[in-house]
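Commentary on secondary and tertiary structure
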Amino acid sequence: MEPSQVTIIGSGLIGRSWAMVFAAGGFRVKLYDIAQEQLTTALENIRKQMKEMEKSGVLKGALSAEQQLALISVSTDLKAAVEGATFIQECTPENLELKKKIFGQLDLIVGDSVILSSSTSCLLPSKLFTGLKHVKQCIVSHPVNPPYFVPLVEIVPHPETDPSTTERTYALMKKIGQSPVKLNREIEGFVLNRLQYAVISEAWRLVGEGVISPTDLDLVMSDGLGMRYAFIGPLETMHLNAEGVSSYCERYAEGMKLVLNTFGPVPEFSGGTVQKVNQALSEKIPVVPKVLDARRKWRDECLIGLAKLKTQMKSD
Ligand code: NAI
């Protein structure tokens with residue numbers, strides 16, 4: 001059974017974006033926060049974004065901005081906010097004790113069929129949910145910022161999560177137009193951040209050792225690897241760059257191992273390299289709220305354009 005009402009706990013950056021994704025999917029959304037002013041700002045921000053997107057023809061879903069806005073209501077009363085919800089997406093700050101407290105409160109007031117899902121970027125389900133009465137209904141649905149424009153969601157179960165919770169979450173994410181992936185077990189960093197940190201780590205080393213400038217390092221990704229990664233992953237890249245994966249391994253395994261064996265230890269992310277990277281990036285994009293916001297807006301516009309292109313180029 002598909003939920004018709006979802007509750008979002010926490011109306012910050014990610015909570016707002018989830019609210020928009022669900023409203024675009026036609027769901028009634030209750031947005032809960034401890035701070036009324038935070039909810040007011042969230043609603044204003046959502047309205048502004050939806051109107052702008054409607055104007056430029058990129059609003060998601062079959063409903064108008066007004067119809068979608070009418071689906072969203074706010075509350076500072078947790079019990080009232082979760083009443084009637086069949087899916088709850090927690091989006092509070094990344095703090096284990098705070099999240100455990102919230103899931104503890106939810107555990108006391110929810111029924112046996114609602115799904116309790118967390119947006120956490122790096123807290124493991126076993127840390128968040130162990131000991132809860134409703135642990136079978138608990139799961140992590142980790143979005144990518146901003147989830148409205150970047151569809152991937154990593155679905156990570158607790159060892160005691162019921163398989164039906166995973167399946168229902170997966171189906172729900174599909175239904176609202178996101179792109180879910182299932183992890184078979186929890187692991188630090190899930191998958192997206194493990195890949196991201198591997199890239200950051202090597203980028204940091206190359207810049208730190210003076211092999212390449214920070215600006216050129218970023219170009220290697222944005223005008224090189226990233227061009228294809230928006231469409232095919234690293235494994236398909238192997239498949240296509242030879243006559244299949246086996247042939248790629250035959251040809252390149254030795255070379256890959258040679259390079260990989262020259263990778264050093266985990267960087268400290270401190271000292272001179274921080275200054276070097278920060279200086280280069282700050283010259284290009286000064287750390288001033290107005291400038292950062294303009295750049296984020298441009299990034300989101302790029303992502304909208306890319307999403308359109310991906311729809312046009314869909315292969316299956
Ligand atoms: P944020 O700081 O923008 O928003 C947090 C919201 O939670 C605020 O509105 C705050 O008032 C509210 N809040 C605080 N205590 C609360 C409580 N006890 N009950 C209800 N609401 C409460 O944080 P953001 O960036 O939206 O992150 C939320 C979660 O999403 C975190 O777990 C984060 O790791 C995860 N996430 C963040 C991404 C990002 O790039 N920002 C990407 C993917 C996941």
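Quick caveat, the model's predicted, so the values are computed rather than measured.

1. Regarding the UniProt feature "domain: 3-hydroxyacyl-CoA dehydrogenase NAD binding" (unreviewed entry) in the protein
The UniProt entry lists residues 5-184 under the feature "domain: 3-hydroxyacyl-CoA dehydrogenase NAD binding" (unreviewed entry), expressed in the numbering used here. Measuring from the first to the last C-alpha atom of residues 5-184 gives 27 Å, for a span that is 42% helix and 21% strand.

2. Quick look at the site of the ligand
Residues in close proximity to the ligand total 23 residues, the closest being D33, Q38, E94, K99 and S121. One nitrogen or oxygen atom from the side chain of E94 is found 2.5 Å from an oxygen atom belonging to the ligand. K99 is positioned such that a nitrogen or oxygen atom in its side chain is 2.7 Å from an oxygen atom of the ligand. Relative to its unbound accessible surface of 840 Å², the ligand loses 77% to contact with the protein. Class assignment for the residues of the shell around the ligand results in 10 nonpolar, 10 polar and three charged.

3. Describing the packing of aromatic side chains
Scanning the entire structure with this criterion turns up seven aromatic pairs. Taken together, a centroid distance of 5.8 Å and an interplanar angle of 85 degrees make the contact between F22 and F27 edge-to-face. An identical accessibility class is assigned to F22 and F27; each is buried. Centre to centre, the rings of W204 and F269 are 5.1 Å apart; their planes meet at 55 degrees, and the pair counts as tilted. Highlighted residues: W204 in helix α8 (residues 192-208) and F269 in the loop between α11 (245-260) and α12 (272-284), separated in sequence by 65 residues.

4. Topic: the nonpolar core
Counting 33 residues, the largest nonpolar core has I8, W18, F22, V29, I46, M50 and M173 as the members making the most contacts within it. Among the secondary structure elements, those contributing two or more residues to this core are β1 (5-9), α1 (13-24), β2 (28-32), α2 (36-55), α3 (65-70), β7 (152-157) and α7 (163-175). Here this core gets six residues from one element, more than from any other, and that element is α1. In contact with W18, other than residues within four places in its own chain, are I8, Q89, C91, S119, S141, P143, V153, M173, I176 and Q178. In terms of nonpolar packing, the next biggest core, distinct from the first, is built from 24 residues, A81, F103, L106 and F190 among them.

5. Observations regarding α7
Helical periodicity: at 3.6 residues per turn, an α-helix aligns residues three or four positions apart in one direction. For α7, spanning 13 residues, the distance from its first C-alpha to its last is 18 Å, which sits close to the expected 18 Å at 1.5 Å a residue. Its buried side turned inward, α7 meets α1, β4 (87-90), β5 (115-118), β6 (138-143), β7 and β8 (179-182). Two residues or fewer after α7 comes G177, characterised by a positive phi angle close to 90 degrees.

6. Examining empty space enclosed by the protein
Scanning the entire structure with this criterion turns up one cavity of 30 Å³ or more. Within this model, the largest cavity holds a volume of roughly 40 Å³. Taken together, P214, T215, D218, A280, L281 and K284 make up the full set of residues lining the largest cavity. Residue assignment for the lining of the largest cavity shows that the elements contributing at least two residues are α9 (214-229) and α12. Across the lining of the largest cavity, the residue classes tally to three nonpolar, one polar and two charged.

7. Quick look at the layout of surface pockets
Where empty space is left in the structure can be found by rolling a water-sized probe over the atoms. Of the volumes computed, that of the second largest pocket is approximately 750 Å³. Around the second largest pocket, the lining is made up of 24 residues, and of these N45, Q49, F149, K297 and D300 lie nearest the centre. Elements represented by at least two residues in the lining of the second largest pocket include exactly α1, α2 and α13 (289-312). Take the lining of the second largest pocket: its biggest share by element is seven residues, from α13. Each residue belonging to the lining of the second largest pocket can be placed in one class, and the counts come to nine nonpolar, five polar and 10 charged.

8. A closer look at the pairing of β6
Taking burial as the measure, the six residues of β6 include six buried ones, the bulk of the element. Neither face of β6 is exposed, since C138, V140 and H142 on one face and I139, S141 and P143 on the opposite face are all buried. Note: β5 against β6, three bridges, orientation parallel. Within the sheet, the bridge partner assigned to S118 lies in β6 and is V140. Across five bridges, the pairing between β6 and β7 is antiparallel. Bridge pairing in β7 links V140 to V156.

What counts and how
Residues numbered from 1 in each chain as written. Predicted model: local features only at pLDDT ≥ 70, side-chain atom pairs only at ≥ 80, totals over all residues. Heavy atoms only, no water. UniProt positions renumbered as here; feature names shortened; annotations may be inferred. Helix = DSSP H or I, 4+ residues; strand = E, 2+ residues; numbered from the N terminus. Near = heavy atom within 4 Å. Polar contact = N/O pair within 3.5 Å; in protein donor to acceptor, adjacent residues only side chain to side chain. Areas by Shrake-Rupley, 256 points an atom, 1.4 Å probe, with all protein chains shown as cover. Nonpolar A, V, L, I, M, F, W, Y, C, P; charged D, E, K, R; others polar. Phe/Tyr/Trp six-rings, centres within 6.5 Å; stacked < 30°, edge-to-face > 60°. Buried < 20%, exposed > 50% of the residue type's maximum accessible area, 1.4 Å probe, protein only. Core = buried A, V, L, I, M, F, W, Y, C linked by side-chain atoms within 4.5 Å. Contact = heavy atoms within 4.5 Å. Expected span 1.5 Å × (residues − 1). 1 Å grid on protein atoms, 1.4 Å probe; cavity = no way out; pocket = protein on both sides within 12 Å on 5 of 7 lines; lining within 4 Å. Points joined across faces, edges and corners; volume = space filled by probe spheres on them. Pairing = 2+ DSSP bridges.

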